[in-house]
Amino acid sequence: MKKFFDTRLNYKLAGKLGSAFSTEGSPHGGGGELAIMTIINHMLVKGMLIYSSGAGCGRPFIHIGPTVVQAQMQEREEICRLFGTRIAQKASELFDK
């Protein structure tokens, strides 16, 4: 994603809705959250609207975006689907007029 944001200058992303999630191989590196925050930073620079649902949608809270460790993919599938649903609902709320 970083390469995309660094090299694709011709895409007009301002005003578009953005969100992020990550997967990682090990729970010990903490790289998932860093990856999400880096992607969010790039989206903000491009003028995108960032949404994660936070606490506004109730439990389970998804603060910045889900991070899934490879060994827990099946266990975290539901939270990832919920995240996608919430993002789609927000996009519909903002842009379907």
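My aim in this report is to walk through the structure given alongside it, one point at a time. The residue numbering used here restarts from 1 in each chain and proceeds along that chain's sequence as written. Local features in this predicted model are restricted to residues whose pLDDT is 70 or higher, and side-chain atom pairs enter the listing and the counts only when it is 80 or higher, whereas totals over whole chains, interfaces and linings include all residues. Each side-chain value is worked out from all heavy atoms of the structure, with water and hydrogens disregarded.

### So, the overall build of the protein chain
To qualify as a helix, a DSSP run of H or I must reach at least 4 residues; to qualify as a strand, a run of E must reach at least 2; elements of each kind are numbered from the N terminus. Within the protein chain one finds three helices and four strands. Counting from the amino terminus, the protein chain carries its helices and strands in the arrangement α-β-β-α-β-β-α. Over its C-alpha atoms, taken along the principal directions, the protein chain stretches across nearly 35 × 30 × 20 Å. The classification of residues rests on relative accessible area computed with a 1.4 Å probe and restricted to protein chains. Under 20% of the type maximum is buried, over 50% is exposed, and intermediate values are partly exposed. Out of the 97 residues belonging to the protein chain, those deemed buried represent 30%. Look at the contacts in the protein chain between residues 6 or more apart in sequence, and 67% of them connect residues 24 or more apart. The Shrake-Rupley method, run with a 1.4 Å probe, gives the accessible areas here. Residue values count only the displayed protein chains as cover. Per element, the accessible surface of the protein chain, about 6,700 Å² overall, is 56% carbon and sulfur. In summary, the charge assignment counts Lys and Arg as positive and Asp and Glu as negative, without counting His or the chain termini. To locate a charge, take atom NZ for lysine, CZ for arginine, CG for aspartate or CD for glutamate. Of the charged side chains in the protein chain, 12 are positive and 8 negative; the average position of the first set lies 10 Å away from that of the second. Pairs of residues are marked as contacts when any of their non-hydrogen atoms sit within 4.5 Å.

### Details of helix α2 (residues 31-45)
Here a helix's expected span is defined as the number of its residues, less one, multiplied by 1.5 Å. The end-to-end C-alpha separation of α2 is 21 Å, in line with the 21 Å expected for 15 residues at 1.5 Å each. Of the residues making up α2, those classed as buried are Gly32, Ile36, Ile39, Ile40, His42 and Met43. All buried residues of α2 lie within an arc of 160 degrees about the axis, which places them on one face of the element. Exposed and facing more than 90 degrees away from the buried side of α2 are Leu34, Leu44 and Val45. At the exit of α2 stands Gly47, carrying a positive phi of roughly 85 degrees. As used here, the arc is the angular range of directions from the helix axis to the C-beta atoms.

### Things to note about a nonpolar patch on the surface
For patch building, the residue pool is restricted to those with more than 30% relative accessible area and no salt bridge; the joining distance is 9 Å between like charges and 5 Å between nonpolar side chains (Val, Leu, Ile, Met, Phe, Trp, Tyr). Salt bridges are identified by distance alone: a Lys or Arg side-chain nitrogen within 4 Å of an Asp or Glu carboxyl oxygen. On the surface, a cluster of nonpolar side chains totalling about 320 Å² of accessible area is made up of Met1, Phe4 and Tyr11. Position of Tyr11 relative to the elements: it lies in the loop between α1 (2-7) and β1 (17-18).

### Focus: the nonpolar core
We define a nonpolar core as any set of buried Ala, Val, Leu, Ile, Met, Phe, Trp, Tyr and Cys residues linked to one another through side-chain atoms lying within 4.5 Å. Counting residues in hydrophobic clusters, the biggest one holds eight residues: Phe5, Leu13, Ala20, Ile36, Ile39, Ile40, Met43 and Met48. Excluding residues within four positions of it along the chain, Ile39 makes contact with Met1, Phe5 and Ala20. Residues Leu17, Ile62, Ile79 and Ile87 belong to the second largest nonpolar core, which totals six residues.

### Structural notes on unusual backbone geometry
Omega for the peptide link from Arg59 to Pro60 comes to -5 degrees, which places this bond in the cis form. Here Pro60 is to be found in the loop between β3 (49-50) and β4 (67-69). The phi dihedral of Ser53 is positive, around 85 degrees, even though this residue is not glycine. Mapping Ser53 onto the fold places it in the loop between β3 and β4. Residue classification places Ser53 among the buried residues on the basis of a relative accessible area of 6%.

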